[in-house]
Amino acid sequence: MASEISRARSQKDVSHTLELIHEAFGPLARRVFDAVCRRESLTLEQIVDASGVQKRVCGLIMYVFVKHGCVSATSNLVQASRSKPLTTYSVDLVSIKRRNRFSRYLKYIQSRFTKEHHFIVFNVLIHGSISFEQMLIISQQSNHASGGRLETVSLHKAFKELIAENLIHDGGQAGGSQQSSTQSVHYSLMPDYSPINTANACSGVRNSHTEGPLLDILDVSHFWRVNISKLEHEIDVENRARDRSCRSATAHRQKLIEAVIRSRLGCQALRIFRVLLNFQLEQKQIAELSMVPIKDTRDLLYKLLKCGYVRMQEVARTHDHAPSRTNYLWRVSCLEVESVVEKEIIQTMTNVNMRLLGELKEDRSTALQSQSRMRSKSYRSSDADRNRRIKFLELTLLRLGSVLQVF
């Protein structure tokens, strides 16, 4: 039974992966990938026979798969007489499923780094692996098309920063050995099918006259990949930090809500509210758990219900909904309580603001009236009291504004 479940799960993963391959690379690539999925460790000739695709086209597709990490290649010397090792290919379902998270990776890079970093990671993800020279060519084309401008020096700086952060790493040599200028550079992971030209497949152009500080990474034979493991680790660390911050904010909101309930309805109402945070109970159960007399519990529950801090659910045992044959369950919805408290804070701020405007208006009218006569001690005393009230109202508005930011 367990083997059947694992087999069905594996078939489901393969079918989902085939859909991703079809969407990313097209129907012909899907046919080739389907042939690789059926058996492990296939050679290029076996893949050509199983897929029915021409050998050169199949080789180019396999090159793209290896470049994107969808397929892993292994070289084995099966016979001592062979001049070249036999290369076999196997699928990597985990790497293909990670294509669904590309937007997540780009969002993280955009939030943490600059547009140059985002441009580099975007193109490396789209191309699977790419040299820095090809990156410069793409940036020049995008600058010409969009009218924007990405400086070569800033791209080089962003590239080195990504390498220092280990978010991209060297994917290895693109060619097995460098030939003369008239010969092709061949991909080393497919030695049994040498006519594949990496310069054509990657749309790269070699420039032998490049000089300056970019020579350390401006080599078409070095392909760069995104370090997915490191990137996912950084995203997980950021998400955990965000979760801790959210939990801290939630705890702060909870304390403020409890302070409001305690100030309005008392400590017994607060005990009932805390009991209902984790349970949905009847009135008698609430009284027992909160250690509040049953009569007081009833009154406090209806006060909490009137304020909107708790909710009551009727569970009728008969169709007529008779009160004697109906269970009344009490519960707390944290989101609803937060919304209610937020509205109360806004209403309180409105009332305080109106009172402050009234005090300021009265202060101005009193000041105009007192300009025409001498101010007595009673006038000075009332002015001092009014100034204290104005300062108190202003301080109250500031404190209510800081509390409102929590919600």
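If you're wondering where the values come from, they're calculated on a predicted model, not measured in any experiment.

> How would you summarise the overall build of the chain if you had to cite specific residues and measurements?
Across its full length, the chain holds 16 helices and six strands. For the chain, the residues scored as buried account for 36% of the 407 residues in total. Accessible surface computed for the chain: about 24,300 Å², of which carbon and sulfur atoms make up 53%.

> Give me the lowdown on the packing of aromatic side chains, citing residues and values where you can.
This structure, assessed with the given rule, holds six aromatic pairs. A ring pair is formed by Tyr302 and Trp330, whose centres lie 5.4 Å apart and whose planes are at 85 degrees; its orientation type is edge-to-face. A residue pair is termed long-range when its members are at least 10 positions apart, and Tyr302 in helix α14 (residues 294-307) and Trp330 in strand β6 (residues 326-331) qualify at 28 residues. Overall, the relative accessible area of 1% leaves Trp330 in the buried class. What links up through ring pairs into an aromatic cluster is the set Phe25, Phe33 and Phe65.

> Kindly report on the pattern of salt bridges, identifying the contributing residues and their values.
The final tally for this structure, using the stated rule, is 17 salt bridges. A salt bridge links Arg98 to Glu232; the nearest nitrogen and oxygen atoms lie 3.9 Å apart. Here Arg98, found in the loop between α5 (93-97) and α6 (102-112), pairs with Glu232, found in helix α11 (residues 228-265); they are 134 residues apart in sequence, far enough to count as distant. You can call Arg98 partly exposed: its relative accessible area is 21%.

> Would you mind going over the packing of α6 against helix α7 (residues 115-127) in detail, with residue names and values included?
One way to put it is that α6 packs onto α7 with a least axis distance of 9 Å and a crossing angle of 165 degrees. Judged on the interaxial angle alone, α7 and α6 are roughly antiparallel. As for how α6 packs across α7, the hand of that crossing is right-handed. Residues Phe102, Tyr105, Leu106, Ile109 and Gln110 of α6 form the contact with α7, whose participating residues are His117, His118, Val121, Phe122 and Leu125.

> Let's hear about the environment of Arg298: which residues, and what values?
Looking at the secondary structure, you find Arg298 in helix α14. As for Arg298 and Lys284, which are separated by 14 residues in sequence, their C-alpha atoms are 9.1 Å apart.

> Outline the nonpolar core, supporting the account with residue identities and numerical values.
By size, the foremost hydrophobic cluster in this structure holds 28 residues, and its most contacted members are Ile272, Leu276 and Tyr309. Contributing elements (two or more residues each) for this core: α11, α12 (267-276), α14, α15 (334-370) and α16 (377-404). For this core, the leading source of residues is α15, giving six residues. Contacts of Leu276, omitting those with residues within four sequence positions, involve Leu281, Ile286, Leu301, Val310, Trp330, Arg331 and Val332. By size, the runner-up hydrophobic cluster in this structure holds 27 residues, among which are Leu106, Leu125, Ile130 and Ile168.

> I'd like a description of α6, backed by residues and values.
Buried within α6 are the following residues: Phe102, Tyr105, Leu106, Tyr108 and Ile109. Taken down its axis, α6 places every buried residue within 160 degrees of arc, on the same side. For α6, exposure combined with an orientation more than 90 degrees from the buried face picks out Ser103, Lys107, Gln110 and Ser111.

> So, the environment of His169: which residues are in play, and what are the values?
By the secondary structure assignment, His169 is in strand β3 (residues 168-173). Taking the C-alpha atoms as reference, His169 lies 5.6 Å from Trp224; in sequence the two are 55 residues apart. Those residues in contact with His169 that lie beyond four places of it in its chain are Phe223, Trp224, Arg225, Val226 and Asn227.

> Please set out helix α2 (residues 27-38) residue by residue, giving values where relevant.
Taking 1.5 Å of rise per residue, twelve residues should cover 16 Å, and α2 covers 17 Å from first to last C-alpha, within 8% of that figure. For α2, the full list of buried residues reads Ala29, Val32, Phe33, Ala35, Val36 and Cys37.

> Lay out the confidence of the model for the chain in plain terms, naming residues and giving numbers.
As a general rule, the predicted coordinates of low-pLDDT regions are not to be interpreted in detail. Mean pLDDT over the chain works out to 76, with 77% of the residues at or above the 70 mark. Across the chain, the secondary-structure element scoring lowest on mean pLDDT is helix α10 (residues 198-201), at 34, and the one scoring highest is α12, at 91. For the stretch residues 173-221, pLDDT sits under 50, and the model shows 93 contacts to residues farther than four places along the chain or on other chains.

> I'd like a rundown of the packing of α7 against helix α9 (residues 152-164), residues and numbers included.
The description of two packed helices rests on the angle between their axes and on the distance between the axes. Direction vectors running N to C along α7 and α9 enclose 70 degrees, while the axes themselves pass 9 Å from each other. As judged from the angle between their axes, α7 and α9 are roughly perpendicular. Seen from above, α7 lies across α9 with right-handed handedness. Contacts from Glu116, His117, Phe119, Ile120 and Val121 of α7 reach α9 at Ser154, Leu155, Ala158, Phe159, Glu161 and Leu162. Classifying every residue of the contact of α7 with α9 gives seven nonpolar, two polar and two charged.

Conventions adopted
Residues numbered from 1 in each chain as written. Predicted model: local features only at pLDDT ≥ 70, side-chain atom pairs only at ≥ 80, totals over all residues. Heavy atoms only, no water. Helix = DSSP H or I, 4+ residues; strand = E, 2+ residues; numbered from the N terminus. Buried < 20%, exposed > 50% of the residue type's maximum accessible area, 1.4 Å probe, protein only. Areas by Shrake-Rupley, 256 points an atom, 1.4 Å probe, with all protein chains shown as cover. Phe/Tyr/Trp six-rings, centres within 6.5 Å; stacked < 30°, edge-to-face > 60°. Salt bridge = Lys/Arg side-chain N within 4 Å of Asp/Glu carboxyl O. Axes fitted to C-alpha atoms, helices over the stretch in contact; angles between N-to-C directions. Parallel < 35°, antiparallel > 145°, perpendicular 65-115°, else oblique. Left-handed = near helix turned anticlockwise from the far one by under 90°. Contact = heavy atoms within 4.5 Å. Core = buried A, V, L, I, M, F, W, Y, C linked by side-chain atoms within 4.5 Å. Arc of directions from axis to C-beta. Expected span 1.5 Å × (residues − 1). pLDDT = per-residue confidence, 0-100. Nonpolar A, V, L, I, M, F, W, Y, C, P; charged D, E, K, R; others polar.

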